[in-house]
Amino acid sequence: VLQKWVNREISNFDYLIQLNTMAGRTYNDLAQYPVFPWILQDYTSEELDLNNPAVFRDLSKPIGVVNEKNAKAVKEKYENFEDPLGIIDKFHYGTHYSNAAGVMHYLIRVEPFTTLHIQLQSGRFDCADRQFHSIPATWQALMDNPNDVKELIPEFFYFPEFLENQNGFNLGQLQISKEVVNDVVLPKWAHSPEDFIYKHRKALESEYVSAHLHEWIDLIFGYKQRGPAAVEALNVFYYCTYEGAVDLDALTDEKERKALEGMINNFGQTPCQL
């Protein structure tokens, strides 16, 4: 697969799907849903110029520190963390770039994710301000907040329907602007959900991304996923998210095991290292 990708016999999209599959990710498990990168950082221009490197996100950095301003806080948090019991290793992020709640967050407008979201929120929709209501605003929140590190899901590159509230769900209204949450607000350069998907997919297959995608793959699936390289790249997550970090079978206490299982399912899981 790697050779095929290098020779450009398969697309960037196909390569990412294949890597996700090899690393144990699947559409059948919300806790291990395929993970895709944010690839753009320009969600405000009238036109999207894919020949301009400045419109792309820096793929060599974890999403939590793409904004240089967050790097210092993330580093300090890691250096000052001390677990008195010695169980929890130091980490940069307490949340994860891929988890079940994140998948439901993005796909809230389509079933079965709507129902799953409502179940997760004890029988109702989460408050409107926390909904996925705008792509530019979601990106802005990522840039402002080092604790939000959600990457994307594959649907952002082929499934325009998830951006539309075709079922007419009442998702509430935003507190400050009183704006009703309906279809997802698109970047200015996208004229419709289909147009967004078309341009976003084009961006994924662009020359710039083809030349830099391996840097992101190193962080998620490769050598910068754990160990000293991960520490240096500011890419260490909570210990429970790593494969083999916890031996659930060795836990005799049923309560403790259930608690840890719940944590792993909800916090997100790092893919198997390839």
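Residues numbered from 1 in each chain as written. Predicted model: local features only at pLDDT ≥ 70, side-chain atom pairs only at ≥ 80, totals over all residues. Heavy atoms only, no water.

As recorded in an unreviewed UniProt entry, the protein goes by Neurobeachin-like 1 and comes from Cuculus canorus.

Right, let's get into the pattern of salt bridges. Applying the stated rule across the entire model yields 11 salt bridges. Across the pair glutamate 207 and arginine 8 runs a salt bridge whose closest N-O atoms are separated by 3.0 Å. Residue glutamate 207 is found in helix 8 (residues 207-220), and its partner arginine 8 is found in the loop between helix 1 (2-6) and helix 2 (12-22); the two are separated by 199 residues along the sequence. Considered together, glutamate 207 and arginine 8 belong to a single accessibility category, that of exposed residues. With a closest N to O distance of 3.9 Å, glutamate 205 and arginine 201 form a salt bridge. Salt bridges linked by common partners bring Asp58, Lys61 and Glu68 together as one network. (Salt bridge = Lys/Arg side-chain N within 4 Å of Asp/Glu carboxyl O. Helix = DSSP H or I, 4+ residues; strand = E, 2+ residues; numbered from the N terminus. Buried < 20%, exposed > 50% of the residue type's maximum accessible area, 1.4 Å probe, protein only.)

Attention now moves to helix 2. If you check which residues of helix 2 are buried, you get Asn12, Phe13, Tyr15, Leu16, Leu19 and Asn20. Here the buried residues of helix 2 occupy an arc of 165 degrees about the axis, which is enough to place them on one side. Tucked inside the fold, the buried residues of helix 2 contact helix 1, helix 7 (193-204) and helix 8. Of the residues one or two after helix 2, glycine 24 is the one with positive phi, at around 85 degrees. (Arc of directions from axis to C-beta. Contact = heavy atoms within 4.5 Å.)

Once that is clear, we can look at the environment of lysine 75. Tracing the backbone through its elements, the reader meets lysine 75 in helix 3 (residues 68-80). Distance from lysine 75 to histidine 92, taken between C-alpha atoms, is 6.8 Å for residues 17 residues apart in sequence.

A cluster of nonpolar residues, Val1, Met22 and Leu274, forms a patch on the protein surface that exposes about 270 Å² of accessible area. Take valine 1: it is sitting in the segment before helix 1. The exposure class assigned to valine 1 is partly exposed, which follows from its relative accessible area of 39%. (Patch = residues over 30% accessible without salt bridge, like charges linked within 9 Å, V, L, I, M, F, W, Y side chains within 5 Å. Areas by Shrake-Rupley, 256 points an atom, 1.4 Å probe, with all protein chains shown as cover.)

What follows is about the packing of aromatic side chains. Here the structure, examined in full by the defined rule, presents 27 aromatic pairs. A ring pair is formed by tyrosine 158 and phenylalanine 159, whose centres lie 6.5 Å apart and whose planes are at 45 degrees; its orientation type is tilted. Accessibility expressed as a relative area gives 35% for tyrosine 158, which makes it partly exposed. Exposure remark for phenylalanine 159: the relative accessible area of 25% places this residue in the partly exposed category. Here arginine 201 stacks its cationic end above the ring of phenylalanine 13, 4.2 Å away from the centre of that ring. (Phe/Tyr/Trp six-rings, centres within 6.5 Å; stacked < 30°, edge-to-face > 60°. Lys NZ or Arg CZ within 6 Å of the ring centre and 35° of its normal.)

Secondary-structure assignment places glutamate 164 in the loop between helix 6 (135-144) and helix 7. Spatially, the C-alpha atom of glutamate 164 lies 41 Å from that of glutamate 256, the residues being 92 residues apart in sequence. Ignoring sequence-local partners within four residues, the contact set of glutamate 164 consists of Arg109, Asp183, Pro193 and Glu194.

Judged by nonpolar contacts, the single largest core of 75 residues is most densely connected at Trp38, Leu40, Ile135, Phe156, Leu163 and Phe196. Within the residue set of this core, elements represented by two or more residues are helix 2, helix 3, helix 4 (100-106), helix 6, helix 7, helix 8 and helix 10 (254-267). Sorting elements by how many residues they give to this core places helix 8 first, with 6 residues. Among residues more than four places away in sequence, those in contact with leucine 40 are Leu48, Leu50, Val55, Phe56, Arg57, Trp139, Trp189, His200 and Ala203. Among the nonpolar cores identified, the runner-up in size contains 6 residues, and Phe125, Ala128, Leu171 and Leu174 belong to it. (Core = buried A, V, L, I, M, F, W, Y, C linked by side-chain atoms within 4.5 Å.)

What follows deals with the side chain of histidine 133. Checked against the element boundaries, histidine 133 lands in the loop between helix 5 (113-120) and helix 6. In contact with histidine 133, other than residues within four places in its own chain, are Arg109, Ala128, Leu174, Val181, Asp183, Val184 and Val185.

Another aspect to go through is the UniProt feature "domain: BEACH" (unreviewed entry) in the protein. The sites that UniProt annotates as "domain: BEACH" (unreviewed entry) are residues 1-274. Note that residues 1-274 is 36% helix and 0% strand, and that its end C-alpha atoms are spaced 13 Å apart. (UniProt positions renumbered as here; feature names shortened; annotations may be inferred.)

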